[in-house]
There are 2 protein chains.
Amino acid sequence: MPQSGFQHVGRDVPRVDGVDKVTGRAKYTGDLVLPGMLEGRILRSPLPHAHIRGIDATRAAALRGVHAVVTAKDLEGLDPFYNGRPVVAMEKVRYVGEPVAAVAADDEHTAEAALALIEVDYEELPAALGTDAALAPGAPLIHDDAPGNVCAHERVEQGNVEEGFAAADRVFEGRYTFPSVYHYSMEPHGAVARWGADRIDLWSSAQHPFLVQGDIARIFGLTRSQVRLQVSFLGGGFGGKSYSKFEPLVVLLSRKAGRPVRLCLSVPEAMVTVRRHGATVKLRTGVMNDGTLVARQAEIHLDTGAFTENTRMVAQLAATRVLGPYRIPHLRSDVYSVHTNAGSAGSFRSVAAPQTIFACESQMDEIATELGMDPVELRDRNLLTKGERLQPRLRPVDVNLHSSLKRLVSGSRWRRRARNRKAPLGVACGSTNAGGVLPVSVALVRLGPDGYVSILAGSTEMGQGVKTTFTQIVAEELTLPRDRVQAVPVDTTVTPYDHSTGASRSTTVMGRAVQAAARDLKRQLRAIAARSFGVAAGKVKLSDGRLEAGEQAMSFTDALACRFGTIAGEIVGRGTMGPEMVGWKTPVLWEVGMGVAELEIDRDTGAVALASYVSVADVGKAIHPQHCIGQEEGAAMMGIGHTFMEQMVHDDHQLLNPNLVDYRVPKFEDLPAEYHTYLVENRDGIGPYGSRGMGEGGIFSVAPSVVSALARATGVRIRDLPLTPERVWRALRDRTSVP
Amino acid sequence: MPQSGFQHVGRDVPRVDGVDKVTGRAKYTGDLVLPGMLEGRILRSPLPHAHIRGIDATRAAALRGVHAVVTAKDLEGLDPFYNGRPVVAMEKVRYVGEPVAAVAADDEHTAEAALALIEVDYEELPAALGTDAALAPGAPLIHDDAPGNVCAHERVEQGNVEEGFAAADRVFEGRYTFPSVYHYSMEPHGAVARWGADRIDLWSSAQHPFLVQGDIARIFGLTRSQVRLQVSFLGGGFGGKSYSKFEPLVVLLSRKAGRPVRLCLSVPEAMVTVRRHGATVKLRTGVMNDGTLVARQAEIHLDTGAFTENTRMVAQLAATRVLGPYRIPHLRSDVYSVHTNAGSAGSFRSVAAPQTIFACESQMDEIATELGMDPVELRDRNLLTKGERLQPRLRPVDVNLHSSLKRLVSGSRWRRRARNRKAPLGVACGSTNAGGVLPVSVALVRLGPDGYVSILAGSTEMGQGVKTTFTQIVAEELTLPRDRVQAVPVDTTVTPYDHSTGASRSTTVMGRAVQAAARDLKRQLRAIAARSFGVAAGKVKLSDGRLEAGEQAMSFTDALACRFGTIAGEIVGRGTMGPEMVGWKTPVLWEVGMGVAELEIDRDTGAVALASYVSVADVGKAIHPQHCIGQEEGAAMMGIGHTFMEQMVHDDHQLLNPNLVDYRVPKFEDLPAEYHTYLVENRDGIGPYGSRGMGEGGIFSVAPSVVSALARATGVRIRDLPLTPERVWRALRDRTSVP
């Protein structure tokens, strides 16, 4: 047993879904086969912007084996919008790939043949790709209700930014760009719908089942209890499976066909369905000669794409995240979400952070260079201390950032390595307001008559290991072996409500609900034992799955027998987390990510690679250290992707690289030889056992630490991602990018 | 609104499953189709008693389309017995129809063809059909561990029966026989099993899903949480679908085939799977000249059949039920459960009551006739009063029996009609110790973010209307429209534990758990509103689905928003009923059934029919009066069946009438012109709102009231059921049966 006194928490226990996954027994949404199930396919717009004059689906509908063709006509009587998008295009298309019609047929070949028979009469309109084009004077208007194509404007302001800049010794300015990138989950999004007489059964690889359930109910005019959404496993999510994506269209198909319909997206389809917001960040920072930050002004353009999705929240987060984890008395940030003729952007691991932190931390490095300061010292001087407020309306910072920086410095041997002023070495720090909106999670923990325990919790298992974590928490609370505890798959009819799986919230918020449910169960068990032993409940202790008081002891099964007079019945523990958990203020938690990069640079070809990457995550308490490290390193690997290679490339509005051959994601060979993560565990998080949400913080320090390392070694500062060899080679040749 | 102040309780609201059932949308187990599903068929013994020398399934297994053949060999490593029977015959067969092997194949024709290819080498043994044969000296021994073929002997004794008889003025003796009869649910029992890597999914038309789940887990060495049993609707149960029947064999097939397997019994198969215990009751009653009962002695032989099933419980109930609802100071009853070479008997609506009450109430009528007393008066004199104990170890009688008798007398216009001493009029009374073993039921009631409420309760809907009842209870407690409340289908993974659906316990025990869960939810809602209103929780009232205190009011959805800061989350109410509900004593409730029959007798042919039947059920409080009347009249109709026509007829050990043509059940034309039920509602039951379990009491007064009416009109007392025209004609001809 570890010194901590924990039996399960803090241990690298086997994943509960591990064997199922490696043996292929784990079933994903696309594996589902229902009797009479049809295959669905979507007809997508070939044009970036056009009026739809008419659709003739007669020939498609007449094709043998076709059971339904749906178009906007089939939306009559429904409430057809969700997250700003229509279930299927109405009157207009706004991006290449927008669903215009869909078909359900006996098999996928028939469905695809039917798509080819649908005739759509388009009247092409001028299009705008990218925020610059969409914001340019005379740009085509993508939505009538978004003048200038701006669909959200969020401002965060404090102090007096003009006075701040006037008081500053030095002012730094820069313009940083971050491309649109794609999540590339190994499993593209899939859904199966079965329309019943007065109920809908839906299976989807949705991250937030209860939000999708709510959308479907509203769109089709049903109650939530008439919509049953089941989620088995997700083959990765990373935010790409947040909210409803195309589930309403699959339901519409099933309704018309009167049969179950499965529709799994291909990768090219998935890539136009969701991506990260590309961003342009104009950043100005005023600083004293000793490195003290005094003022910051930011203007950020987010490439929202055709529909708003959750862009307002992304803009809100960007406006706050540009503050960095620093004390800056005077600030104004303006974030504009901009409609463009591209597929919609949405959530992506650490929403809005990689874009803003790339800009802010790059500029911090430029400041350090100009002031001749050690970049670590500059950060150390300005980092918020625990309990300070980044902003008055936010919860105080609940984490010791200096502690992480110290760990990063020692773990990366920064001081020794940084003695070489030209070493290809860079550092970056970030802290994000995480945990999503107000916390809402409900869990049940049930003890059955054979002494086994079930966890009913609505967090989806998408590889992050949440089922294993919950099992550890419940086993710990109840002093049971882990194999006596099982997490039930998510099913909205039976699993209690959980707001969402994302924003690093599941262990923290749902974990607390699960823990509370286990403790509620424990309280009931102790009361039963106390009555039986004739002692006060406070005298009953749990140990090794038994209830003990002095010489007396009973098993949980004994307790059930005491309660029910026979080995029968069950005891239900209940745990609910609401906004009181965080005093009704956001964020739920402050997430931390810091990293030090060292590069290998080939000056002849411009090829840059990571030689070493060391990161730190303050996890409060690692419930499963290996999972924490895996998540942190996985996040850093995604950061490596958008730093060095990933971007969605368009030509004439067409996505040129919609597959793994053309859209490069990191391979193992792209990993640095030294790739290490340190976990900081101060037991000061708001989650169970002092844990703190993590898994996103690892992504955002890679790009700024890498560009800073390149600048330190070469004097060339690149402000546009990714660092393709061509871009680096040109920059080295031109040396035009030096600040 | 009714004067009672109830909004939903006490009203004949539409059945929640009504539309689904009349439109055919309701899916039963046999309607289930799983991808890759095979059809299972069972090879059954053609012999009543034999050793199995060997089974050669080689040819069957080799047949194209056959995926699994299982025999006893496949039981290795399992715990193969349940309720005394093996999963499939081992070494011996003990009745015609016993499963010897089973096949899973692509379709039912292939499966049946394969059955024909299985060669079984039997060594036939002498057999015993019926308890007389099985108890005869030298009878073949059916189980080695049941000497004399007696597998259970239960005795109930009080007072000193010899002294009692010695003190009696008169002693009456008789021998009464009751045949084996079949439940004849419209849906024969079906099951679908899918064996997974480390879990089993099972769908079954099982009345007691949690008991079946427990059996499967034990047999296959799994935990309960690895066995998921779902039950949609049952097309009738009546006890015939109690406990595990053949589900373990279907699981075994699926395990071997590696594919899902469906196996639905045909009626002939179902009839050898379960039936009511045939019984012989030898009854002796001592009485004073004024009609006061003083002593009773009974010896009952129950035809258990090949395997014990639940025969010990049936014997226990028979031993008590022969007491009648009367004060009898001296008593001894001995009940013997006897193995015979027939399919096993099990539970059947009002377990052990029709057999014993037929005997007791027939004899009561014989006593009244001999003493020249009005049969109603004889009963009135001896009926227990509320609070008296039938037996010291039992809970006191919790119902006013005189109140029911009074209602029966007035409702049937007994006094006026009984003036004619030869009128073909008979009466019978009964009260049974119902509610099953100790009460164990757990329910959850969940309020979701759209203001709709789900009930999670493990009572199976088998036509009795339990879902509707629970919906009424929850709607009543929460002051909601009923369409805001939905009962979730039973699923052992998600529905909390419930002991069983039977023994008239669901409304009483689970209904109380559901009510408690709704009240727990209500308590939480009031606390939320009270905090928001700034008043004490006691000041908050529920009305029309709103929470009100003085001028202030909020909807349930408002309350969720208060609790969670947004329209999200859910509130879970929890209700648990355990033995404390009844002070740790049985019975859970005393169920009442009384009836008056009037006959039409064709003395030339022996054809007897009911001209009128009036019954009384003391339901405490009718939550759904129409359902109560439907159940009471349905039970009486089953009573009409075993009184006039039903019996399983064997010749040379073969069941001769295994179908609806040869096994006659009552049709609408068999119903009397006057067929009326009166409900007594004294609000004194232990169930919600003073309700009391019912639905079984209607069955047992039919036979004794009918034979008594026949005796009153003709002087011929028949002590053997059913009253076929031939039997009546012979008795009238012989006049040998008069006491």
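That block above? That's the structure.
Here is a short report on the structure shown in this document. Just so we're clear, the structure is a prediction, and the values are computed from it rather than from any experiment. (Residues numbered from 1 in each chain as written. Chains lettered and ligands numbered in written order. Predicted model: local features only at pLDDT ≥ 70, side-chain atom pairs only at ≥ 80, totals over all residues. Heavy atoms only, no water.)

1. Focus on the overall build of chain A
- When you go through chain A residue by residue, the secondary structure sums to 19 helices and 31 strands.
- In terms of C-alpha radius of gyration, chain A reaches 27 Å, essentially the compact-globule figure of 27 Å for 739 residues.
- On the principal axes, the C-alpha backbone points of chain A span a range of 85 × 70 × 45 Å.
- Counting only residues that meet the buried cut, chain A has 65% of its 739 residues in that class.
- Here the analysis covers contacts within chain A between residues at least 6 apart in sequence; of these, 80% occur between residues at least 24 apart.
- Roughly 25,100 Å² of accessible area belongs to chain A as shown, and the carbon and sulfur atoms make up 49% of that amount.
- Taking the average location of the 83 positive side-chain charges in chain A and that of its 83 negative ones, the two points are 5 Å from each other. (Helix = DSSP H or I, 4+ residues; strand = E, 2+ residues; numbered from the N terminus. Rg over C-alpha atoms; globule rule 2.2 N^0.38 Å. Buried < 20%, exposed > 50% of the residue type's maximum accessible area, 1.4 Å probe, protein only. Contact = heavy atoms within 4.5 Å. Areas by Shrake-Rupley, 256 points an atom, 1.4 Å probe, with all protein chains shown as cover. Lys, Arg positive; Asp, Glu negative; His and termini not counted. Charge placed at Lys NZ, Arg CZ, Asp CG, Glu CD.)

2. A closer look at helix 6 (residues 209-220) of chain A
Residues and elements named next belong to chain A.
- In a regular helix each residue adds 1.5 Å, so 12 residues correspond to 16 Å; helix 6 covers 16 Å between its end C-alpha atoms and thus fits that length.
- Extensive coverage of helix 6 is indicated by the burial of 11 of its 12 residues.
- Burial in helix 6 covers these residues: Pro209, Phe210, Leu211, Val212, Gln213, Gly214, Asp215, Ile216, Ala217, Ile219 and Phe220.
- Check the buried side of helix 6 and you find it contacts strand 4 (81-82), strand 11 (190-195), strand 12 (200-204), strand 13 (227-231), helix 7 (247-257) and strand 22 (490-491).
- Two residues or fewer past helix 6, glycine 221 is found with a positive phi of approximately 70 degrees. (Expected span 1.5 Å × (residues − 1).)

3. Section: the packing of aromatic side chains
Residue and element names in this part refer to chain A.
- A full pass over the atoms with the stated rule returns 16 aromatic pairs over all chains.
- Ring geometry for tyrosine 95 against phenylalanine 307: centres 6.4 Å apart, planes inclined by 80 degrees, an arrangement best described as edge-to-face. Of this pair, tyrosine 95 sits in the loop between strand 6 (92-93) and strand 7 (99-105) while phenylalanine 307 sits in the loop between strand 16 (293-305) and helix 9 (311-321), placing them 212 residues apart in sequence. Take tyrosine 95 and phenylalanine 307: they sit in the same class, and that class is buried.
- Plain terms: the ring middles of tryptophan 195 and phenylalanine 220 are 5.5 Å apart, the flat faces sit at 65 degrees to each other, and that makes the pair edge-to-face. Remark: phenylalanine 220 occurs in helix 6 and tryptophan 195 occurs in strand 11; sequence separation between them is 25 residues.
- Aromatic ring contacts, followed pair by pair, group Tyr182, Tyr184 and Tyr663 into a single cluster.
- Sitting over the ring of phenylalanine 348, arginine 276 keeps its end group 4.1 Å from the ring centre.
- The aromatic ring of phenylalanine 165 is capped on one face by arginine 284, whose charged end is 4.1 Å from the ring centroid. (Phe/Tyr/Trp six-rings, centres within 6.5 Å; stacked < 30°, edge-to-face > 60°. Lys NZ or Arg CZ within 6 Å of the ring centre and 35° of its normal.)

4. Points about the nonpolar core
- Among the nonpolar cores identified, the biggest contains 140 residues, and Phe644(A) and Leu723(A) are the most heavily contacted of them.
- It is helix 10 (residues 353-371) of chain A that contributes the most residues to this core, nine residues altogether.
- Residues Tyr82(B), Ala318(B), Ile328(B) and Val616(B) belong to the second largest nonpolar core, which totals 135 residues. (Core = buried A, V, L, I, M, F, W, Y, C linked by side-chain atoms within 4.5 Å.)

5. Here we look at the interface of chain B and chain A
- Tallying the contact residues gives 51 residues for chain B and 50 residues for chain A.
- Between chain B and chain A, a total of about 3,900 Å² is buried, with carbon and sulfur atoms accounting for 58% of that surface.
- For the chain B face of the interface with chain A, the top three residues by lost area are Arg563(B), Phe564(B) and Arg574(B), together amounting to 14%.
- For the pair chain B and chain A, the interface holds eight salt bridges.
- Put simply, Arg25(B) and Asp198(A) hold a salt bridge, and the shortest N to O gap is 3.9 Å.
- Of all the secondary-structure elements, those providing two or more residues to the side of chain B that touches chain A are strand 19 (441-447), helix 15 (506-533), helix 16 (556-564) and strand 26 (571-577) of chain B.
- The residue inventory of the side of chain B that touches chain A, partitioned by class, reads 21 nonpolar, 15 polar and 15 charged. (Buried area = accessible area lost by both parts, 1.4 Å probe. Salt bridge = Lys/Arg side-chain N within 4 Å of Asp/Glu carboxyl O. Nonpolar A, V, L, I, M, F, W, Y, C, P; charged D, E, K, R; others polar.)

6. Some points on the packing of helix 15 of chain B against helix 16 of chain B
Residue and element names in this part refer to chain B.
- For the pair helix 15 and helix 16, the least separation of the axes is 9 Å and the interaxial angle reads 70 degrees. On the basis of the axis angle, helix 15 is roughly perpendicular to helix 16. Contacts from Leu525, Ile528 and Ser532 of helix 15 reach helix 16 at Phe556, Ala559, Cys562 and Arg563.
- Of the residues assigned to the contact of helix 15 with helix 16, the class counts are five nonpolar, one polar and one charged. (Axes fitted to C-alpha atoms, helices over the stretch in contact; angles between N-to-C directions. Parallel < 35°, antiparallel > 145°, perpendicular 65-115°, else oblique.)

7. Let's talk about the relation of the copies chain B and chain A
- Mapping chain B onto chain A leaves a residual RMSD of 0.0 Å; the transformation is a rotation of 180 degrees accompanied by 0.0 Å of translation along its axis. The symmetry that links the two subunits is that of a two-fold axis.
- When the interface residues of chain B are mapped onto chain A, 98% of them again lie at the interface, so the same face is used by both copies. (Least-squares fit on C-alpha atoms with pLDDT ≥ 70 in both.)

8. Focus: the sheet that holds strand 2 (residues 50-56) of chain A
Residue and element names in this part refer to chain A.
- A sheet is described by the order of its strands in space; here three strands give the open sequence 6-2-8, paired in antiparallel fashion. Among the strands making up the open sheet, the edge pair consists of strand 6 and strand 8 (119-124).
- Where strand 2 meets strand 8, six bridges bridge the pair, whose relative direction is antiparallel. Its bridge partner lying in strand 8, isoleucine 52 is registered against tyrosine 122. (Pairing = 2+ DSSP bridges.)

9. Notes on the environment of Glu674(B)
Residues and elements named next belong to chain B.
- Mapped onto the secondary structure, glutamate 674 falls in strand 31 (residues 674-680).
- Glutamate 674 sits in the partly exposed class, given a relative accessible area of 25%.
- For the pair glutamate 674 and valine 322, spaced 352 residues apart in sequence, the C-alpha to C-alpha distance is 30 Å.
- When near neighbours in sequence (up to four residues on either side) are disregarded, glutamate 674 contacts Arg413, Arg417, Ala611, Ser612, Tyr613 and Val614.
- Within the local environment of glutamate 674, its side chain forms a polar contact with the side chain of arginine 413, the two groups lying 3.4 Å apart. (Polar contact = N/O pair within 3.5 Å; in protein donor to acceptor, adjacent residues only side chain to side chain.)

10. Side note on helix 16 of chain B
All names here are of chain B.
- Those residues of helix 16 not exposed but buried are Phe556, Ala559, Leu560, Arg563 and Phe564. Seen along its axis, helix 16 keeps its buried residues to an arc of 115 degrees; they face one direction.
- A positive backbone phi angle near 80 degrees is found at glycine 565, which sits one or two residues after helix 16. (Arc of directions from axis to C-beta.)

11. Remarks on the pairing of strand 14 (residues 261-264) of chain B
All names here are of chain B.
- Two elements, strand 1 (residues 38-44) and strand 14, share two bridges in a ladder whose sense is parallel. Its bridge partner being in strand 14, leucine 38 is matched across the sheet by valine 261.
- The pairing of strand 11 (residues 190-195) with strand 14 spans four bridges and is antiparallel. Considered in strand 14, the bridge of alanine 193 is made with valine 261.

12. Brief notes about the pattern of salt bridges
All names here are of chain A.
- Across all of its chains, the model carries 112 salt bridges over all chains by this definition.
- We note a salt bridge from glutamate 366 to arginine 719, for which the minimum N-O separation is 3.0 Å. Within this pair, whereas glutamate 366 is found in helix 10, its partner arginine 719 is found in the loop between helix 18 (702-714) and helix 19 (725-734), the two being separated by 353 residues in sequence.
- Residue classification places arginine 719 among the buried residues on the basis of a relative accessible area of 17%.
- Each of Arg155, Glu157, Glu162, Arg332 and Asp334 takes part in one network of salt bridges that share partners.

13. Description of the packing of helix 10 (residues 353-371) of chain B against helix 18 (residues 702-714) of chain B
Residue and element names in this part refer to chain B.
- The contact between helix 10 and helix 18 brings their axes to 8 Å, and the two run at 30 degrees. Crossing angle aside, the handedness with which helix 10 passes helix 18 is right-handed. On helix 18, the residues that touch Ile357, Phe358, Glu361, Ser362 and Asp365 of helix 10 are Ala703, Pro704, Val707 and Ser708.
- Partitioning the contact of helix 10 with helix 18 into residue classes produces five nonpolar, two polar and two charged. (Left-handed = near helix turned anticlockwise from the far one by under 90°.)

14. Concerning the pairing of strand 24 (residues 546-549) of chain A
Residue and element names in this part refer to chain A.
- Only one face of strand 24 is buried: it carries Leu547 and Ala549, and the other face, with Arg546 and Glu548, is open.
- Sheet topology note: the strand 23 (residues 541-543)/strand 24 ladder contains three bridges and is antiparallel. When the bridges of strand 24 are listed, leucine 542 appears paired with leucine 547.
- Two successive antiparallel strands, strand 23 and strand 24, enclose a turn made up of two residues, where aspartate 544 displays a positive phi of approximately 50 degrees.
- Sheet topology places strand 24 next to strand 25 (residues 552-555); four bridges connect them, and they run antiparallel. Bridge pairing in strand 25 places glutamate 548 opposite alanine 553.
- Taken together, strand 24 and the strand that follows it, strand 25, pair antiparallel across an intervening segment of two residues, in which glycine 550 is found at a positive phi of about 60 degrees.

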